[in-house]
Amino acid sequence: MGAKEAFLKTGSYRPAVVAFTMKAASEAKVDAVTFDGADRGTETSPVPMMMECGTPTVYLEAQVLSCCELLRKRGKYVPDIVMAGGFVNETQLFKAVAISNFAGKPYVKAIAQARAPLTAVFKAKYFTNLASEGKLPPSFKELYGEKPETMFITYHDLEQMFGEKVKEIPVGAIGLYTYWDRIRVGLQQLIAGVRKWRLDLIDRRDLASLTERAYKVTGIPLLEDVEKELIERILLD
């Protein structure tokens, strides 16, 4: 029908459905597929479905990546992958991208968020309204003050960009910008920590499993096994 790009959004279904979805997306040359892990839902999903059904995100991503690797090794088209399902902080984003990089290019090209940034918007409006009514908790006032200029760490950055027009920016938007700025800085610190400098360069070697369950699900080596061969090479070569 003339569409230049096609995207597919799906949920946390059973492994056979994940495989069929990836097969269909590969054959149809879909540009990107979003997989949304539990406990999460879409739009008007019933509460039990949202909270108690489906596949947890890390398990779901492991299934999706298994499909990606099978398609790649057989020379099939692999769509870009977008992961969703409870992503809140930069460490979760880092791990979701790094774990998908098997051969020099991560399968996961983006992370989809909903509740976390929405919470930032709502909380920004909530506390600003409390401040206007003189109802801020004393502990909050002591830490963050009572005005947007002190409540939001990015306020002065926005002021430099927009001047007096910063006062026209909805406080919810400032809260969202502040939240994503925190994600940006956190990712920069993590990427610098592994000496990669770009998000698309991080890979599975930058991760370690802390439990045998994590190793079983993801295939990421346990902490005591990471770079074991490299240690011997450094010392004995």
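Keep in mind the model is a prediction, meaning the values are calculated, not measured. (Residues numbered from 1 in each chain as written. Predicted model: local features only at pLDDT ≥ 70, side-chain atom pairs only at ≥ 80, totals over all residues. Heavy atoms only, no water.)

Quick look at the overall build of the protein chain
Heads up, the rule is: Helix numbering and strand numbering both begin at the N terminus, where a helix is a DSSP run of H or I of at least 4 residues and a strand a DSSP run of E of at least 2. Note on exposure labels: buried denotes an accessible area under 20% of the residue type's maximum, exposed denotes more than 50%, and partly exposed covers the range between, all computed with a 1.4 Å probe on protein chains only. Areas reported here follow the Shrake-Rupley algorithm with a probe of radius 1.4 Å; residue values treat only the protein chains shown as occluding. For the purpose of charge, His is not counted, nor are the chain termini; Lys and Arg are scored as positive and Asp and Glu as negative. Charge coordinates come from a single atom per side chain, which is NZ of Lys, CZ of Arg, CG of Asp or CD of Glu.
On a plain count of helices and strands, the protein chain comes out with 11 helices and 4 strands. Judged by the C-alpha coordinates and their principal axes, the protein chain covers about 60 × 60 × 35 Å. Across the 237 residues that make up the protein chain, the buried fraction comes to 35%. When the accessible surface of the protein chain is split by element, carbon and sulfur atoms take 58% of a total near 15,400 Å². Charge centroids of the protein chain, computed over 32 positive and 30 negative side chains, lie 5 Å from each other.

Remarks on the packing of helix α5 (residues 115-132) against helix α9 (residues 171-193)
Our working definition: Only the stretch in contact is used when fitting a helix axis, every axis being a line fitted to C-alpha atoms; angles between N-to-C directions are given from 0 to 180 degrees. In what follows, roughly perpendicular refers to angles from 65 to 115 degrees, roughly parallel to angles under 35, roughly antiparallel to angles over 145, and oblique to any angle outside these ranges. Left-handed describes a crossing whose near helix is turned anticlockwise from the far helix through less than a right angle; right-handed describes the clockwise counterpart. Contacts: residue pairs with any heavy atoms within 4.5 Å of one another.
Between α5 and α9, whose axes approach to 8 Å, the crossing angle comes to 130°. By the angle class used here, α5 and α9 are oblique. Note that α5 runs across α9; the crossing there is right-handed. Along the contact surface, α5 presents Ala116, Pro117, Ala120, Val121, Ala124, Lys125 and Thr128, while α9 presents Val171, Gly172, Gly175, Leu176, Tyr179 and Trp180.

Structural notes on helix α4 (residues 90-98)
Within the sequence span of α4, burial applies to Glu90, Leu93, Phe94, Ala96, Val97 and Ala98. Buried residues along α4 sit against α3 (57-73), β4 (108-112) and α9.

What to know about the packing of aromatic side chains
Spelled out, the test is: Centres within 6.5 Å make a pair out of two Phe, Tyr or Trp rings, where for Trp the six-membered ring is used; the pair is then stacked when the planes are under 30 degrees apart, edge-to-face when over 60, and tilted otherwise.
This structure, assessed with the given rule, holds 4 aromatic pairs. Note on tyrosine 126 and phenylalanine 127: the rings are 5.1 Å apart at their centroids and 75° apart in plane angle, and the pair reads as edge-to-face. By relative accessible area, which is 43% here, tyrosine 126 ends up partly exposed. Ring centres 4.4 Å apart and planes at 5° place the aromatic pair phenylalanine 127 and phenylalanine 140 in the stacked group. In this pair, phenylalanine 127 is assigned in helix α5 and phenylalanine 140 in helix α6 (residues 138-144), connecting sequence segments 13 residues apart. Here the aromatic cluster, defined as three or more aromatic residues joined through ring pairs, consists of Tyr126, Phe127, Phe140 and Tyr144.

Observations regarding the confidence of the model for the protein chain
Inclusion rule: Confidence of the predictor in every single residue is expressed as pLDDT, which spans 0 to 100.
Averaged over every residue, the pLDDT of the protein chain is 92; residues scoring 70 or more account for 95%. Predicted confidence in the protein chain is weakest over helix α2 (residues 47-52), with a mean pLDDT of 68, and strongest over α4, with 97.

As for the environment of glycine 134
Along the polypeptide, glycine 134 turns up in the loop between α5 and α6. A relative accessible area of 61% places glycine 134 in the exposed class. Sequence separation of glycine 134 and glycine 163 is 29 residues, and the distance between their C-alpha atoms is 27 Å.

Section: the pairing of strand β3 (residues 80-84)
Regular strands have side chains that alternate between both faces of the sheet. Operational definition: Only strands that DSSP links by at least two bridges are regarded as paired with each other.
A large share of β3 lies buried, amounting to 4 of its 5 residues. With 5 bridges joining them, strand β2 (residues 32-36) and β3 adopt parallel strand pairing. Residue pairing across strands places valine 33 opposite isoleucine 81, the latter belonging to β3. As paired strands, β3 and β4 are joined by 4 bridges and run parallel to one another. In the sheet register, methionine 83 faces β4, and the bridge partner there is isoleucine 111.

Focus: the packing of helix α1 (residues 15-27) against α3
Remark: α1 packs on α3, axes separated minimally by 10 Å, with the N-to-C direction vectors making an angle of 40°. Considered as vectors, α1 and α3 are oriented oblique to each other. Our pair here, α1 against α3, has a crossing hand that is right-handed. In this structure, α1 uses Pro15, Val18, Ala19, Met22 and Ser26 to contact α3, whose residues at the interface are Leu60, Gln63, Val64, Cys67, Cys68 and Leu71.

Focus: a nonpolar patch on the surface
To keep things clear, this is the line we draw: Like-charged residues are merged into a patch within 9 Å and nonpolar side chains (Val, Leu, Ile, Met, Phe, Trp, Tyr) within 5 Å, provided each residue has over 30% relative accessible area and no salt bridge. The term salt bridge refers to a side-chain nitrogen of Lys or Arg lying within 4 Å of a carboxyl oxygen of Asp or Glu.
A grouping of Leu230, Ile231, Ile234, Leu235 and Leu236 is seen on the molecular surface, where their side chains present a nonpolar patch of about 550 Å² in accessible area. Considering the arrangement of structural elements, one finds isoleucine 231 in helix α11 (residues 228-236).

Considerations on the sheet that holds strand β1 (residues 7-10)
Within a sheet, adjacent strands bond to each other through the backbone by hydrogen bonds, running parallel or antiparallel. Strands sit in the order β1-β2-β3-β4 across an open sheet of 4 strands; the sheet is parallel. The open sheet has two edge strands with one neighbour each: β1 and β4. Taking each pair of neighbouring strands and ignoring which way they run, the sheet shows an average axis angle of 20°. Here 4 bridges tie β1 to β2, and the two strands are oriented parallel to one another. Bridging across to β2, phenylalanine 7 finds its partner in alanine 32. Contacting β1, β2 and β3, α1 crosses the sheet at an angle of about 165° to β2.

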